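# Descriptive analysis of the structure
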Amino acid sequence: MSAISNQDILARVAAVIESRKPSHGGDPATSYVAKLFDKGLDAILKKVGEEACETVMAAKDGDAQKIVYEVADLWFHSLIALAHFGLKPEQVLAELARREGLSGLQEFAARGKSMEEEPND
């Protein structure tokens, strides 16, 4: 089996999500993703929030396998949210690459954030 980069996996999952949009032929009767798109942005964002909470709860429990599972759910639903806005995971990866090597404090200063808010590092 050949090695597949993480970016390739994200791009492939994003392509499947895109293909499930009702506007691209996805059927809400047979596709969970199409059903979410059909319900609209509020339903998509509700799922992102639920998965974020489940990720936090898994982390509080300290179960590594459960943390990975919940983060995968969070990323999946975040990809659906990105797709709703016509955005691609490559754009998020490019933003992370831009931030690489910056301290969280430098990155926040560049965005004009106050020191009371949490930095990324």
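Predicted, not measured: the structure shown is a model, and the values here were computed from it. (Residues numbered from 1 in each chain as written. Predicted model: local features only at pLDDT ≥ 70, side-chain atom pairs only at ≥ 80, totals over all residues. Heavy atoms only, no water.)

## Quick notes on the overall build of the protein
A tally of regular secondary structure across the protein gives six helices and zero strands. Written out in order from the N terminus, the α and β elements of the protein read α-α-α-α-α-α. Counting the 121 residues in the protein, one finds 25% classified as buried. Taken as a whole, the protein presents about 8300 Å² of accessible surface, with 58% of it coming from carbon and sulfur. (Helix = DSSP H or I, 4+ residues; strand = E, 2+ residues; numbered from the N terminus. Buried < 20%, exposed > 50% of the residue type's maximum accessible area, 1.4 Å probe, protein only. Areas by Shrake-Rupley, 256 points an atom, 1.4 Å probe, with all protein chains shown as cover.)

## Some points on the packing of helix H2 (residues 32-39) against helix H3 (residues 41-61)
Their axes nearest at 5 Å, the elements H2 and H3 cross at an angle of 120°. In terms of their interaxial angle, H2 and H3 are classed as oblique. Contact with H2, carried on its side by Tyr32, Leu36, Phe37 and Lys39, involves Ala43, Ile44 and Lys47 of H3 and no other residues of that element. (Axes fitted to C-alpha atoms, helices over the stretch in contact; angles between N-to-C directions. Parallel < 35°, antiparallel > 145°, perpendicular 65-115°, else oblique. Contact = heavy atoms within 4.5 Å.)

## Examining H3
End to end, H3 covers 30 Å across 21 residues, agreeing with the expected 30 Å (1.5 Å per residue, within 8%). Among all positions of H3, only Ala43, Ile44, Lys47, Val48, Glu51, Thr55 and Ala58 are buried. Considered in projection along H3, the buried side chains sweep an arc of 140° and stay on one side of the axis. Across H3 from its buried face, at more than 90 degrees, point the exposed residues Asp42, Lys46, Val56, Met57 and Lys60. Where H3 is buried, its residues meet H2 and helix H4 (64-84). Following H3 by one or two positions, Gly62 has its phi on the positive side, about 75°. (Expected span 1.5 Å × (residues − 1). Arc of directions from axis to C-beta.)

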